[in-house]
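# Structural overview for review
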Amino acid sequence: MTKANLAQLRETWQERVTAFHNSGQSGAAWCADHGIKEHQLWYWVRRFRELTSTPSSSPDFLPVQIRESLSVTNTPLLVRVGAAAIEVHPGYDAQLLLDLIRTLVGSC
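Described in the following lines is the structure provided in the data block. None of the values given here were measured: they were computed from a predicted structure. (Residues numbered from 1 in each chain as written. Predicted model: local features only at pLDDT ≥ 70, side-chain atom pairs only at ≥ 80, totals over all residues. Heavy atoms only, no water.)

A count of helices and strands for the protein gives four helices and two strands. Listing the helices and strands of the protein from first to last along the sequence gives α-α-α-β-β-α. Per-residue burial over the protein gives 18% buried out of 108 residues. Long-range pairs, those at least 24 residues apart, make up 34% of the contacts in the protein with a sequence separation of at least 6. (Helix = DSSP H or I, 4+ residues; strand = E, 2+ residues; numbered from the N terminus. Buried < 20%, exposed > 50% of the residue type's maximum accessible area, 1.4 Å probe, protein only. Contact = heavy atoms within 4.5 Å.)

Shown next, in the form of structure tokens:
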């Protein structure tokens, strides 16, 4: 298949997927109305979702406000990322924690 044909196929399916999403119909009903095999629709829906997602980009972080405390404790901070939990103790390596969180976010 040439690049032009592949581009046309991708454009055709992008239009179909957009029409499906805008229809409000179930996948089975939309495919029956348009004479398209349902597994083809779901393939392209998944493909476009994968193309638009950016798993390699840096994760979105929430802003954190840190208030200085008069008393310093040695109590670890528990950070949860998905199913993983990390105990952060005073004196932690900030770059290591950031790398670990990025890795966990990418795999969760």
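Below, the discussion takes up the packing of helix H1 (residues 3-23) against helix H3 (residues 38-52). Put simply, H1 and H3 touch, their axes get as near as 10 Å, and they point 100° apart. One element, H1, and the other, H3, form an angle in the roughly perpendicular class. Contacts between H1 and H3 pair Leu9, Arg10, Trp13, Gln14, Val17, Phe20 and His21 from the former with Gln40, Leu41, Trp42, Trp44, Val45, Arg47 and Phe48 from the latter. Looking at the contact of H1 with H3 residue by residue, the class counts come to nine nonpolar, three polar and two charged. (Axes fitted to C-alpha atoms, helices over the stretch in contact; angles between N-to-C directions. Parallel < 35°, antiparallel > 145°, perpendicular 65-115°, else oblique. Nonpolar A, V, L, I, M, F, W, Y, C, P; charged D, E, K, R; others polar.)

Okay, the pairing of strand S1 (residues 77-81) next. The side chains of a regular strand alternate, residue by residue, between the two faces of the sheet. In the sheet, S1 pairs with strand S2 (residues 84-88) via five bridges, with the strands oriented antiparallel. Directly across from Val81, in S2, lies its bridge partner Ala84. Following S1, the chain reverses through two residues before pairing antiparallel with S2; Gly82 in that reversal takes a positive phi of roughly 65°. (Pairing = 2+ DSSP bridges.)

We now examine H1. The end-to-end C-alpha separation of H1 is 30 Å, in line with the 30 Å expected for 21 residues at 1.5 Å each. Packed against the buried residues of H1 are helix H2 (27-34) and H3. Where H1 ends, the next residue or the one after it, Gly24, has phi of about 80°, a positive value. (Expected span 1.5 Å × (residues − 1).)

The next thing to look at is the nonpolar core. Nonpolar side chains tend to gather and get buried jointly when the protein is soluble and globular. The biggest cluster of nonpolar side chains holds ten residues, and these are Trp13, Val17, Phe20, Trp30, Cys31, Ile36, Leu41, Trp44, Val45 and Phe48. Those elements giving two or more residues to this core turn out to be H1, H2 and H3. Element by element, the count of residues in this core is highest for H3, at four residues. The contact partners of Phe48, leaving out residues within four places of it in the chain, are Arg10, Trp13, Gln14 and Val17. Membership of the second largest hydrophobic core comes to seven residues, among which are Val79, Val81, Ile101 and Leu104. (Core = buried A, V, L, I, M, F, W, Y, C linked by side-chain atoms within 4.5 Å.)

What follows is about the packing of aromatic side chains. Within the structure shown, the criterion is met by five aromatic pairs. For the pair Trp13 and Trp44, a centre-to-centre distance of 5.9 Å together with 5° between the ring planes defines the contact as stacked. Taken together, the positions of Trp13 in helix H1 and Trp44 in helix H3 put the pair 31 residues apart, joining distant regions of the chain. Taken as a pair, Trp13 and Trp44 share a single burial class, namely buried. Here Trp44 and Phe48 contribute two aromatic rings whose centre-to-centre distance is 5.5 Å and whose plane-to-plane angle is 35°, an arrangement assigned as tilted. (Phe/Tyr/Trp six-rings, centres within 6.5 Å; stacked < 30°, edge-to-face > 60°.)

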